[in-house]
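Structure assessment
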Amino acid sequence: MPELTSVANEFLRTEIEQFVERPDERERLIALYAGASERMQSMSAALVEGEHLLVDALAREALADGVPALEIMDDGLIAGMALVGIKFRENFIFVPEVLACARAMKAGMSYIEPILSESGIEPIATVVMGTVKGDLHDIGKNLCTMMLRGAGFEVIDLGVDTSPDDFIDAVEEHRPALLGMSALLTTTMPNMGVTIEAFIDAELRDEIGIMVGGAPVTQDFAEDMGADGYGKDAVACVELAKRLAEAEKHRVEA
Ligand code: B12
């Protein structure tokens, strides 16, 4: 198991030392950063400090030097956000600081999005994606959207705070094979179930594969709500979407 000393970046070492108390989280973060290049550690550090201009420059330079977009996303941006999440939860930082970090995350994502979204192949299927009613978190949903596009899906992104009616209207308009819902708050997670109920009432439930995700969502919760699948991250989201799209194709053909 890597020690704190195996994290080369001094700022990140100090942050972990000062702000990450839970042993399991410490271990996970140390392993994450120790496995990242020094360059990606610097990007994470810039994100944690909310330095959007620096993240912007580092992402641009890294891509120009041939660092893969996925490495920038996982080892630079998402790794930094993991530390931000812990500091926020423990009240070491507050909404304005988190907004600055989110802005830095988006600055980095703006460069990797066109790369991850570029597939140039006939769409596998259409997916309607949105963050549920009452929830304004969109970073994870946006990552899933760009990975889905990169994997060859057409994605209609409804943004945040999406009501069941908005989801239904979009499904009636675009007739997608799949619907993806994201929720980051325990208080908004039930709105996934409410949306699924609305699809049942509108007699549309059987016509669509429904997938859910977001930090507080679990496989059990997804099953209890009657979703067709749960994905823990953007890579899992793409795998799930491929599986559900295939199942939808068979359903339509049958
Ligand atoms: C950034 C952030 C914010 C930003 C959001 C900016 C933005 N544009 O998104 C701001 C500052 C606005 C914010 C506000 C609030 N937040 Co906030 N926020 C976070 C934070 C730190 C990071 C979330 C994030 O972006 N993670 C990084 C992404 C990459 O991960 P992700 O979203 O989980 O997505 C991945 C997977 O879950 C999955 N996935 C996501 N969606 C989907 C969908 C499908 C279909 C699939 C298959 C997979 C999938 O794939 C993604 C990519 O790998 C989290 C902490 C955390 N640990 O999650 C708190 C957190 C979610 N927030 C929290 C809170 C309390 C709030 C506020 C209520 C604070 C306040 N007092 O106002 C408000 C609520 C506003 C609202 N109505 O939504 C709490 C929620 C606690 C709870 N139990 O519900 C958390 C957990 C922080 C904490 N206290 O621990 N927040």
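The model shown is predicted, which means the values in this text are computed figures rather than measured ones.

**A few points about the overall build of the chain**
Broken down by element type, the chain carries eleven helices and five strands. Its C-alpha atoms give the chain a radius of gyration of 19 Å, within 12% of the compact-globule value 18 Å for 254 residues. Projected onto its principal axes, the C-alpha positions of the chain cover 60 × 40 × 35 Å. Looking at the chain as a whole, 44% of its 254 residues qualify as buried.

**So, the pairing of strand 1 (residues 126-131)**
Here strand 1 lies mainly inside the structure; five of its six residues are buried. Handedness of the crossover joining strand 1 and strand 2 (residues 154-157) through helix 7 (residues 139-150): right-handed. Here five bridges tie strand 1 to strand 3 (residues 178-182), and the two strands are oriented parallel to one another. Residue pairing across strands places Met129 opposite Gly180, the latter belonging to strand 3.

**Some points on the site of the ligand**
The local shell around the ligand holds 38 residues, among which Gly85, Arg89, Gly140, Gly213 and Gly231 are the closest. When residues of the shell around the ligand are assigned to their parent elements, the largest contribution, six residues, is made by helix 5 (residues 69-89). Considering only residue class, the shell around the ligand consists of 22 nonpolar, eleven polar and five charged. No fewer than three residues from each of domain 1 (4-117) and domain 2 (126-253) sit in the shell around the ligand.

**Here we look at the nonpolar core**
Leu47, Leu178 and Ala241 are the most contacted members of the largest nonpolar core, which has 77 residues in total. For Leu178, the residues in contact, after removing those within four places along its chain, are Ala125, Val127, Ile208, Gly209, Met211, Ala241, Leu244, Ala245 and Glu248.

**Side note on the domain arrangement of the chain**
Taken as a whole, the chain is organised into domain 1 (4-117) and domain 2 (126-253). Each of domain 1 and domain 2 has a C-alpha centre, and these two points are 27 Å apart. The interface of domain 1 with domain 2 comprises eight residues on the first partner and seven residues on the second. Looking at the side of domain 1 that touches domain 2, the elements with two or more residues in it are helix 5 and helix 6 (95-117). Per-element tally for the side of domain 1 that touches domain 2: the top contributor is helix 6, with six residues. Within the side of domain 1 that touches domain 2, the residues separate by chemical class into six nonpolar, one polar and one charged.

**Let's talk about the environment of Leu63**
If you trace the backbone, Leu63 turns up in helix 4 (residues 52-64). Distance in space between the C-alpha atoms of Leu63 and Tyr111 is 8.2 Å, their sequence separation being 48 residues.

**Focus on the pairing of strand 3**
Counted residue by residue, strand 3 has five buried out of five residues, so it is predominantly covered. Side chains of strand 3 alternate between two faces, with Leu178, Gly180 and Ser182 and Leu179 and Met181 buried alike. Across five bridges, the pairing between strand 3 and strand 4 (residues 209-213) is parallel. Across the sheet, Leu179 pairs through a bridge with Ile210, a residue of strand 4.

**Focus: the sheet that holds strand 1**
As summarised here, the arrangement of the five strands in space is 2-1-3-4-5, forming an open sheet in which the pairing is parallel. Only two strands of the sheet have a single neighbouring strand rather than two, namely strand 2 and strand 5 (229-230). Here helix 8 (residues 164-174) sits on the sheet in contact with strand 1, strand 2 and strand 3, set at roughly 165° to strand 1. Lying on the sheet, helix 11 (residues 234-253) is in contact with strand 1, strand 3, strand 4 and strand 5; it crosses strand 4 at an angle near 165°.

**Some thoughts on unusual backbone geometry**
Here the phi dihedral of Asn91 falls at roughly 60°; this positive angle occurs in a residue that is not glycine. Positionally, Asn91 belongs in the loop between helix 5 and helix 6. For Asn91, a count of 7 C-beta atoms within 10 Å corresponds to the exposed category. Its identity is not glycine, yet Arg175 carries a phi of approximately 50°, on the positive side. Inspection of the secondary structure assignment puts Arg175 in the loop between helix 8 and strand 3.

Here is what the cut-offs are and how they apply
Residues numbered from 1 in each chain as written. Predicted model: local features only at pLDDT ≥ 70, side-chain atom pairs only at ≥ 80, totals over all residues. Helix = DSSP H or I, 4+ residues; strand = E, 2+ residues; numbered from the N terminus. Rg over C-alpha atoms; globule rule 2.2 N^0.38 Å. Buried ≥ 20, exposed ≤ 12 C-beta atoms within 10 Å, placed from the backbone. Right-handed = clockwise from strand over helix to strand, strands pointing away. Pairing = 2+ DSSP bridges. Near = placed C-beta within 6 Å. Nonpolar A, V, L, I, M, F, W, Y, C, P; charged D, E, K, R; others polar. Domains from an automatic or database assignment. Core = buried A, V, L, I, M, F, W, Y, C linked by C-beta atoms within 7 Å. Contact = placed C-beta atoms within 7 Å. Axes fitted to C-alpha atoms, helices over the stretch in contact; angles between N-to-C directions.

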